[in-house]
Amino acid sequence: GAMAEERALSMVTCTAPVNIAVIKYWGKRDNDLILPINSSLSVTLHQDQLKTTTTAAASRDFTEDRLWLNGEEADVGHPRLQACLREVRRLARKRRGGSAEDASPLSLSYKIHVATRNNFPTAAGLASSAAGYACLVSALARLYGVEGELSEVARRGSGSACRSMLGGFVQWQRGERPDGRDSLAHQVAPETHWPELRVLILVVSGEKKPVGSTAGMQTSVDTSPLLKHRAEVVVPERLALMMRHIRERDFEGFGQLTMKDSNQFHATCLDTFPPIFYLNDFSRQIIALAHRFNAHHGHTKVAYTFDAGPNAVIFTLADTVAEFVEVVRRSFPPATNGDQFVRGLPIDSASLSEEVVTTVVTEPVPGAVQYILHTKPGPGPQLLDDPSQHLLGADGLPRRCA
Ligand code: DP6
């Protein structure tokens, strides 16, 4: 009968991407449901360079829920993780008609084991919670056979995670409802829409962020009049404009608005009381360099954006990558032998004109940039079919090689 078909162990592995906002999310109107005060828009980055991999397993033999992050056992009791688990199980129950569990492929009462791993250093301050929760929700949904709208569930893990549930260009609509049912992510355009678009992540030196996003944005909501104005007036206008720039693949418009929105986000941080500083001197030197580079070319060739940390994310077009990377290398000469200074997608070598060296490079700051990661827009979460990729073994415990 049905019982005999129940497997002792069910296991699923998914990967999910990082995303970088060009219209920033900063501030919640509901902390528990994670409902934002404004809509936001992001670009999903390619998983060949940055991804989280998560294996979720359920078994009647597991005695407790367990979680491993990058090989280390971690607390499964985290309220946001529990919210995601509860919501996926609720959708599964709904899908199964709220009745007979014995007819379903997997018992919802089984304990689960989850192992998750990033292919990039967490310490680099790259948004790992977005990819992490998007991956957790994708894997759990597959495990329980849930399909369809899942950005609402990922949102309960981390606001920005809902945007990592889709590839390409993604909007998270703030929604109007108090229950959050309309606070969802939508794809604005697929990753194939703008094939020349490239992303350079400049990992700068410095300590980890002093104030996390969750706490930081709460203080901003409580104290910053600029944030209120931004959410009510500025963002609605900018979203419409940004959608048009993306639709038209207008890099001039896209780049300028991306820089302005990053700057306004950091202005709201300064307007927060007590103020929050995410940019450091190196971040500010990168900003100045980007503006000198664009001024030299007479138009917007590169655009920077910064999240809750000092690393710069640069948008540019394929034909500009080699020259700009050389400008960065000359401006921030690597502290060590230049070993692996550029990672990710291949980059051609470029020689700089004398004029660029004198007007753009100016005074080099050695060691400011640890390394550059070259990537591009990419697709949403993926299911891995190959069982050899599971992070958990047949015993439900992390595999040594994983
Ligand atoms: C600056 O999504 O990390 O990266 O919802 O509290 O988990 P929580 O915050 P989080 O905030 C991201 C803020 C940001 C801007 C953005 O990604 O839109």
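For every chain, the first residue of its written sequence is number 1, and the numbers climb from 1 along that sequence. Restriction of local features to residues with pLDDT of at least 70 applies here, the model being predicted, together with a cutoff of 80 or more for giving and counting side-chain atom pairs; totals for whole chains, interfaces and linings are based on all residues. For side-chain calculations, the full set of non-hydrogen atoms in the structure is used, while hydrogens and water are omitted.

- Taking an unreviewed UniProt entry as the reference, the protein chain is identified by name as Diphosphomevalonate decarboxylase belonging to Rostratula benghalensis.
- UniProt positions are given in the numbering used here, feature names are shortened, and annotations may be inferred rather than shown by experiment. The heading Function (unreviewed entry) in the UniProt record of the protein chain holds the text "Catalyzes the ATP dependent decarboxylation of (R)-5-diphosphomevalonate to form isopentenyl diphosphate (IPP). Functions in the mevalonate (MVA) pathway leading to isopentenyl diphosphate (IPP), a key precursor for the biosynthesis of isoprenoids and sterol synthesis."

**Topic: the site of the ligand**
Inference 1: Taken together, 17 residues lie around the ligand, and Tyr25, Lys28, Ser158, Ser160 and Thr214 are the ones closest in.
Inference 2: The separation between an oxygen atom of the ligand and a polar side-chain atom of arginine 80 is 2.7 Å.
Inference 3: A distance of 2.6 Å separates an oxygen atom of the ligand from a polar atom in the side chain of serine 158.
Inference 4: Isolated, the ligand exposes 460 Å² of accessible area, and the fraction of that covered by the protein chains is 94%.
Inference 5: By the criteria applied, helices consist of DSSP H or I runs no shorter than four residues and strands consist of E runs no shorter than two, each listed in order from the N terminus. For the shell around the ligand, the leading source of residues is helix α5 (residues 213-223), giving 3 residues.
Inference 6: In this count, Pro and Cys sit with the nonpolar residues alongside Ala, Val, Leu, Ile, Met, Phe, Trp and Tyr, while Asp, Glu, Lys and Arg are called charged and the others, Gly among them, polar. Along the lines of polarity and charge, the residues of the shell around the ligand split into 7 nonpolar, 5 polar and 5 charged.
Inference 7: Looking at the shell around the ligand, you find at least three residues from each of domain 1 (9-191 + 380-389) and domain 2 (197-375). Residues are classed as near a molecule or strand on a simple rule: at least one heavy atom within 4 Å of it. Any pair of N or O atoms that falls within 3.5 Å is considered a polar contact. Within protein, one atom must be able to donate a hydrogen and the other to accept it, and sequence-neighbouring residues count only if both atoms are side-chain atoms. Per-residue and other accessible areas follow the Shrake-Rupley method at a 1.4 Å probe size, with only the shown protein chains counted as cover for residues. Per the annotation, domain bounds derive from an automatic or database assignment of domains.

**Some details on the sheet that holds strand β11 (residues 185-189)**
Inference 1: Here, any two strands with at least 2 DSSP bridges between them count as paired. What the 4 strands build is an open sheet, ordered β2-β5-β10-β11; its pairing is antiparallel. If you trace the sheet from one side to the other, it starts and ends with β2 (19-23) and β11, each paired once. Across this sheet, the average inter-strand angle for adjacent strands is 35 degrees, counted without regard to direction.
Inference 2: With 4 bridges connecting them, β2 and strand β5 (residues 40-44) associate as antiparallel partners. Each residue of the ladder has a partner; that of asparagine 19, found in β5, is threonine 44.
Inference 3: Residues count as neighbours in contact if any of their non-hydrogen atoms are within 4.5 Å of one another. Note on definitions: angles span 0 to 180 degrees between N-to-C directions of axes, and those axes are lines fitted to C-alpha atoms, for helices only across the stretch in contact. Together, β2 and β5 form the strand contacts of helix α7 (residues 251-271), whose direction differs from that of β2 by roughly 95 degrees.

**So, empty space enclosed by the protein**
Inference 1: Space inside and on the surface of the protein is sampled on a 1 Å grid over the protein atoms alone, with a cavity defined as a set of points where a 1.4 Å probe fits but cannot get out and a pocket as an open set with protein on both sides within 12 Å along at least 5 of 7 lines; lining residues have an atom within 4 Å of a point. Grid points are joined across faces, edges and corners, and a volume is the space filled by probe spheres set on the points. For the structure shown, the criterion picks out 1 cavity of 30 Å³ or more.
Inference 2: The calculated volume of the largest cavity comes to roughly 50 Å³.
Inference 3: What lines the largest cavity is simply Asp65, Arg66, Leu67, Val76, Leu81, Leu85, Ile112, Val114, Leu136 and Leu140.
Inference 4: Of all elements in the fold, only β7 (66-69), α2 (79-95), β9 (111-118) and α3 (128-143) reach the threshold of two or more residues within the lining of the largest cavity.
Inference 5: Considering only residue class, the lining of the largest cavity consists of 8 nonpolar, no polar and 2 charged.

**Let's talk about the domain arrangement of the protein chain**
Inference 1: One can read the domain layout of the protein chain as domain 1 (9-191 + 380-389) and domain 2 (197-375).
Inference 2: In this structure, domain 1 and domain 2 have C-alpha centres spaced 27 Å apart.
Inference 3: Computed with a 1.4 Å rolling probe, the buried area is the accessible surface lost when two parts are put together, summed over both parts. Summing both partners gives a buried area of about 2,900 Å² for domain 1 against domain 2, and 73% of it is carried by carbon and sulfur.
Inference 4: Any Lys or Arg side-chain nitrogen found within 4 Å of a carboxyl oxygen on Asp or Glu counts as a salt bridge. The interface formed by domain 1 and domain 2 contains 1 salt bridge.
Inference 5: For aspartate 307, the salt bridge is made with lysine 24, and the minimal N-O distance between the two is 2.6 Å.
Inference 6: Linking domain 1 with domain 2 are 8 residue pairs in polar contact (both at pLDDT 80 or more), by the criterion used here.
Inference 7: Listing elements by their share of the side of domain 1 that touches domain 2, those giving two or more residues are β2, β5, β10 (169-172) and β11.
Inference 8: Tallied by class, residues from the side of domain 1 that touches domain 2 come to 18 nonpolar, 9 polar and 3 charged.

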